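# Geometric and topological summary
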Amino acid sequence: MDVRDLVGEAFAGMLARPVRSALTTLGTVLGITTLVITLGVAATAGNQIVGRFDELVATAITVEVPESENTPLVAWDAIDRLTRLRGVVSAAAVAESKDSVNLSVRSNDLVDPTRVTAQTLTVLAATPGLPEAARGRITRGRFFDVGHIERADRVAVLGDQAAKMLGVTRLDRAPAIFIGRHAYTVIGILGDLRRERDLSSAVIVPPSVGRRFGLRDVTRVLVNTSLGAADLVAGQAPTALSPGNGDALQVIAPPSPTRARDQAQDDVDALFLILGLVSLVVGAVGIANVTLVTVMERVAEIGLRRSLGAARRHIAAQFLLESTLTGLAGGVIGASVGVVGIVAISAAKQWTPLLDVRLAVAAPVAGAVVGLLAGLYPALRAARMEPVDALR
Amino acid sequence: MPEPVIELDRVRKDFPSRPPVRALADVSLRVDRGDYLAVVGPSGSGKSTLLNVLGLLDRPTSGSYRLDGTETTELADGARTRLRGGRIGFVFQSFHLLAHRSVVENVMLAEIYGEQARKGRRERALAALERVGLGHRVGFLPDRLSGGERQRAAIARALMGEPSLLLCDEPTGNLDSRNTEAVLDLFDELRGHGLTILVITHEQEVSERAARRVRITDGVLVEEA
């Protein structure tokens, strides 16, 4: 028997009932579509390295310093060592303690019955690099510098919310605030914070002044790195800050791009792959079912073919090829719908769709294999049929 | 003396049931080239079993069946299938035309399992259709044809590949008298060209047209004068 004849007969058999054949492919179409979209979208999402990339998050590192009883883990001047590291753009050390978060702060000593003058604010100590490290801006006045720290000047910088609450709006008259009993000169207001937003309702004083409020040791270090250096700096920062005790520091670094990619892929993949495989199995069962029904319906045709000289293998080959073609059609349609789906999802998410040629080729092949497997039993049944019985 | 087309020698066919059924009881039959033989008998007499054995669709329990001089009872399944496809043209009561294929495609089907070249197949099919007088219906689907036309299309299919034997199972069973007449005329004409025809029937009219008549009753074959 000529292969072309076999293919022709299989096609004719499939097209004899086009609606049924179309419905039979539906399961495979759904399965293949799900698989193609799942794999395609995962690959596409994985390649959007900066898909949900946020420069701020990707370059911000926070080092938490645990309290230690003896010598401090991180000295105040350790910040200088950190800023010398390649990739570090700005860094600042901050001290904050449980006692310093609820201090009563007033803007003057007069008792004004019409206003609430005393506010409960957080007081913290910081190194001069804080405005840059917190990605903020000095909206008025200035930040304290090394000179203020060395002289232990009684100066303070207010967060913009804190300034509003205390009624400090202008600095040209050198306003003072009272923290507890002592007065401090407000030299600047820090605003527009993009990191550590709670600084906006805080009172910031030099470390040398902070000791009065129990702000002795560095509790947190804010670091900003250049783009892409976060991973490297996160590894080096503990050693730079606290040689010998680096392990005790807790570094909070942004997830690296590779990890983000893995995560995205894992999320999508697992569930939908299972879904796709399940629908593929359902599709295979559907093809097997319909092919079996078709075999039973075409008993007379099988008998006729046997009487015309068809061997058992010819009958088996025809039904096997019919189910394979059905699966292949499902695979081709599924792959096409899947690719369109990937492009649509990418368009909606403003991603660059990543279309793998291997996927577009493998999907129809997978469909054909499903059809082939599904057709095995019905084809066997058809081939086993005795011509005498088939012609009865 | 030329080899007979069919030579049955004490062919016996038993069906294992309780009690066992002997469908063919030591049947011996010789059909020569160009014979036109009718097998008659009531239903259940063993006609269909005889047809299945003659058509190589079933094996006899014992005895010898030579088709064109080839001993068939010893042949393997594949060889019997090839012999069946090459030597025997079947004509069935219910035509067995594929409903979704045109007349000429149905006729061409006869060649796809054989050794014949694809080239010229359509021409051969058209020639066969001309031979049965269906040259004007080649592109029709079977359901557009009358019963007689359908049977003639089936005969054209059986004639493809020049079989030694035309084996007809109640070929007029589904036809009215006018169409029956047309089919029988066609058989006469084909026999005139030297074709060997064996018709199994229970219709008087059909058997009377045949040159030879054998009657089968309870598996026993008797030649009628």
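Everything discussed here concerns the structure shown above.
In this report, we go over the structure that sits alongside the text. (Residues numbered from 1 in each chain as written. Chains lettered and ligands numbered in written order. Predicted model: local features only at pLDDT ≥ 70, side-chain atom pairs only at ≥ 80, totals over all residues. Heavy atoms only, no water.)

## Section: the environment of B:Leu166
All names here are of chain B. With respect to the helices and strands, the residue Leu 166 is situated in strand β7 (residues 165-169). Assessed through its relative accessible area of 0%, Leu 166 is described here as buried. Contact partners of Leu 166, with chain neighbours within four places excluded, come to Gly 89, Val 91, Ile 155, Ala 158, Leu 159, Phe 187, Leu 190, Leu 195, Thr 196, Ile 197 and Leu 198. (Helix = DSSP H or I, 4+ residues; strand = E, 2+ residues; numbered from the N terminus. Buried < 20%, exposed > 50% of the residue type's maximum accessible area, 1.4 Å probe, protein only. Contact = heavy atoms within 4.5 Å.)

## Topic: the interface of chain B and chain A
Contacts between chain B and chain A engage 21 residues on the former and 23 residues on the latter. Carbon and sulfur atoms make up 59% of the surface buried where chain B meets chain A, a total of about 2200 Å² over both sides. Counting every contact that joins chain B to chain A gives four salt bridges. A:Arg312 is the partner of B:Asp77 in a salt bridge, and the nearest nitrogen-oxygen pair spans 3.3 Å. Looking at the side of chain B that touches chain A element by element, the count peaks at four residues for helix α2 (residues 77-87) of chain B. Taken together, the residues of the side of chain B that touches chain A break down into eight nonpolar, six polar and seven charged. (Buried area = accessible area lost by both parts, 1.4 Å probe. Salt bridge = Lys/Arg side-chain N within 4 Å of Asp/Glu carboxyl O. Nonpolar A, V, L, I, M, F, W, Y, C, P; charged D, E, K, R; others polar.)

## Section: helix α6 (residues 177-192) of chain B
Residue and element names in this part refer to chain B. The first and last C-alpha atoms of α6 sit 22 Å apart over 16 residues, in line with the 22 Å expected at 1.5 Å per residue. Among all positions of α6, only Asn 179, Thr 180, Val 183, Leu 184, Leu 186, Phe 187 and Leu 190 are buried. Take α6 and look down its axis: the buried residues cluster within an arc of 155 degrees, on one side only. When the buried face of α6 is taken as reference, the exposed residues oriented beyond 90 degrees from it are Ser 177, Arg 178 and Gly 192. Against the buried residues of α6 lie β3 (36-40), α4 (121-131), α5 (147-159), β7, β8 (196-201) and α7 (204-209). Looking one or two residues beyond α6, the residue adopting positive phi is Gly 194, at roughly 100 degrees. (Expected span 1.5 Å × (residues − 1). Arc of directions from axis to C-beta.)

Bear in mind that shape data such as this cannot, by itself, settle questions of function.
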